[in-house]
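Structure at a glance
Here's the letter readout for the chains.
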Amino acid sequence: MKDKTHYACQECGHLSPKWLGRCPGCGAWNSLAEERAPSETRAAADLRLPLTHPKLYREIPFDDFVRHPTANAEFDRVLGGGVVPGSLVLLGGEPGIGKSTLLLQIAEQLSQAGKKVLYISGEESDRQIKMRGERLGIQAQRLYLLSETCLERIFEECANLLPDAVIVDSVQTIYSLKLDSAPGTISQVREVAAQFLLFAKGHTVPVFLIGHITKEGAIAGPKALEHIVDAVLYFEGERHHNHRVVRAVKNRFGAANEVGVFEMTEAGLQGVENPSRLFLAERPVGSAGSVVLCCLEGSRPILVELQALVGATPYATAKRMATGVDPNRVSLLMAMLEKRLGYHLVGNDVFLNVAGGITVEEPAADLGIVAAIASSLHNKPLHPYTAVFGEVGLSGEVRAVAQAHLRVREAAHMGFQRCLLPASNLPLQSPVTGIEVIGLRHVAESLQHLFI
Ligand code: TYD
Ligand code: MG
């Protein structure tokens, strides 16, 4: 009998019985590839799951997850307090950003804590990993390396070695014999992840999968795995900066959106204890268009610098670009400035950038975006020791945001003298001394407080 095949989009995983030039799922062109339907494999995988029966909710014992801190405070923070046995964690990022480096360091720390760690590499030889390890000063006594890409072989070795933690570098290089498709195709990547999930749960061993993503998040892999794994961590920003931000975009064992900040040094990734200091390090004090935002990344307040450059465009259509903040949000706020405050932005190019390559997604950045654009447009610098935060609505009203007192406290801690924030956030949950807080109801008011 002829094997059943289907066409799978290599970007989003959409399945189609016939070939199509454009994926109906994600709209990508020429992304469908023929693959064998994995129906029998799925059935076989299901058979291996232990039988379960309904349990009475009130009889289920409550205990928080046991976590093993790794001595890497930043990594623990992203994971929600440490490594959870039996968890499957995906670490994604662009090539060269530091995925292998970070997990090799974690392997070292787990090994120092007496755990037997297996580092599986489908990309590099033992010697290459050893070279990186020497650079990192790795002394692990119980770290094993395995250069192997066949999933079935890997599980044989796991059965012999019985590791306490497994690292897979990278999920795109591993293939299962059960499928015909090439390594890295969406069905292989899913199969490999599903098998490691069974392995992790079955043996109560934490498994870390490394996954490559390109700038667009393309290439079969991480995006298609997000729903399978317990936690998804992404390296954010660019590898041209010295520091790296790792963000938990999903975490079944902790808060999502938590970030860890690292610095790439000669000896690997070092945790940064005070990210605000790092992100503000090169701030040009007294320069028009530069604003300090108090943002909340996960549970931690971080001050970042937002820069705007607004100038008359020499071209027929003005350019609008935003990195680190949501471009749609910026368009919306610009429309608000035009309509409510009579700003004339039509013939102007507008560029916005968050210094240091961190991404600020929360609407609390709105007031900062407005302030940066206004400052650059008028070519007037802001008061240098003022920090701002607040959501801005379409009428120009300033709306309350979460955890205002944490943000103000961080600003005071970093030596800021004034903080502009939504009036509805006042009084603060707990008062902060040493900083003047100014509550705002409308963006028009904010402008009179902002400039020197
Ligand atoms: P790597 O972990 O190999 O990236 P990935 O696995 O995400 O592809 O790290 C790549 C970069 O990190 C490489 O350009 C060299 C740099 N690096 C350092 O600066 N210091 C170090 O100690 C190490 C090990 C790497
Ligand atoms: Mg690597």
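Residues numbered from 1 in each chain as written. Chains lettered and ligands numbered in written order. Predicted model: local features only at pLDDT ≥ 70, side-chain atom pairs only at ≥ 80, totals over all residues. Heavy atoms only, no water.

Some remarks on the overall build of the protein
Rules: By the criteria applied, helices consist of DSSP H or I runs no shorter than four residues and strands consist of E runs no shorter than two, each listed in order from the N terminus. When we talk radius of gyration, it's over C-alpha atoms, and the globule rule is simply 2.2 Å times the number of residues to the 0.38. Each residue is placed in one exposure class: buried if its accessible area under a 1.4 Å probe, protein chains only, is under 20% of its type's maximum, exposed if it is over 50%, and partly exposed if it falls in between.
Looking only at helices and strands, one finds 12 helices and 21 strands in the protein. A compact globule built from 452 residues should have a C-alpha radius of gyration of about 22 Å, and the protein, at 25 Å, falls within 12% of that. Each of the three principal axes of the protein carries a C-alpha extent, and together these read 75 × 55 × 50 Å. Residues classed as buried in the protein amount to 51% of the 452 residues present.

Thoughts on the domain arrangement of the protein
Note the cut-off: Each domain span listed reflects an automatic or database assignment of domains. By definition in these notes, contact holds between two residues if any of their heavy atoms fall within 4.5 Å. A pair is scored as a salt bridge if a Lys or Arg side-chain nitrogen falls within 4 Å of a carboxyl oxygen belonging to Asp or Glu. Polar contacts here mean pairs of N or O atoms no more than 3.5 Å apart (in protein, one a potential hydrogen donor and the other a potential acceptor; neighbouring residues in sequence count only if both atoms are side-chain atoms).
Assigned domains of the protein: these are domain 1 (5-40), domain 2 (66-273) and domain 3 (278-450). Contacts between the two partners involve 17 residues from domain 2, matched on the other side by 11 residues from domain 3. The interface formed by domain 2 and domain 3 holds 2 salt bridges in total. A salt bridge links Glu 74 to Arg 300, with the shortest nitrogen-to-oxygen separation between them at 3.0 Å. Between domain 2 and domain 3 we count 8 residue pairs in polar contact (both at pLDDT 80 or more) in total. Where the side of domain 2 that touches domain 3 is concerned, the elements lending two or more residues are helix 2 (73-79), strand 10 (243-251) and strand 11 (259-265).

Describing the pairing of strand 20 (residues 418-422)
Selection rule: Pairing between strands requires that DSSP locate at least two bridges from one strand to the other.
Counting buried positions over the 5 residues of strand 20 gives 5, a clear majority of the element. Strand direction decides the pairing type here: strand 17 (residues 386-388) and strand 20, joined by 3 bridges, are parallel. Bridge pairing in strand 20 links Ala 387 to Cys 419. In this structure, strand 20 lies alongside strand 21 (residues 436-440), joined through 5 bridges in parallel fashion. Bridge assignment links Arg 418 to a residue of strand 21, and that residue is Glu 436.

So, the pattern of salt bridges
A complete count under the given rule lists 14 salt bridges for this structure. Residues Arg 247 and Glu 297 are paired through a salt bridge, measuring 2.6 Å at the closest nitrogen-oxygen approach. Placement of Arg 247 in strand 10 and of Glu 297 in strand 13 (residues 290-297) is noted, with a sequence separation of 50 residues between them. Residue Glu 297 is classed as buried on the basis of its relative accessible area, which comes to 2%. With a closest N to O distance of 2.9 Å, Glu 362 and Arg 407 form a salt bridge. Here the residue Glu 362 occupies a position in the loop between strand 16 (348-354) and helix 10 (366-378), and Arg 407 occupies one in helix 11 (residues 404-413), the gap between them amounting to 45 residues. Residue class for Glu 362 comes out buried when judged on its relative accessible area of 19%. When salt bridges with common partners are traced through the structure, they connect Glu 148, Arg 153, Glu 156 and Glu 157 into a single cluster.

Observations regarding the site of ligand 1
Rules: Here a residue is considered near a molecule or strand provided that any single heavy atom belonging to it is located within 4 Å of it. Accessible surface is estimated by sampling points in the Shrake-Rupley manner with a 1.4 Å probe; for residues, cover comes only from the protein chains shown. Under the scheme applied here, ten amino acids are nonpolar (Ala, Val, Leu, Ile, Met, Phe, Trp, Tyr, Cys and Pro), four are charged (Asp, Glu, Lys and Arg), and all others, including Gly, are polar.
Gly 96, Ser 100, Thr 101, Arg 132 and Gly 268 are the nearest of the 16 residues found near ligand 1. The contact in question runs from an oxygen atom of ligand 1 to an N or O atom on the backbone of Gly 96, over 2.7 Å. For ligand 1, an oxygen atom lies 3.3 Å from a polar atom in the backbone of Ile 97. Contact with the protein chains covers 77% of the free accessible surface of ligand 1, which is 560 Å². Among the residues making up the shell around ligand 1, the classes are represented as 5 nonpolar, 6 polar and 5 charged.

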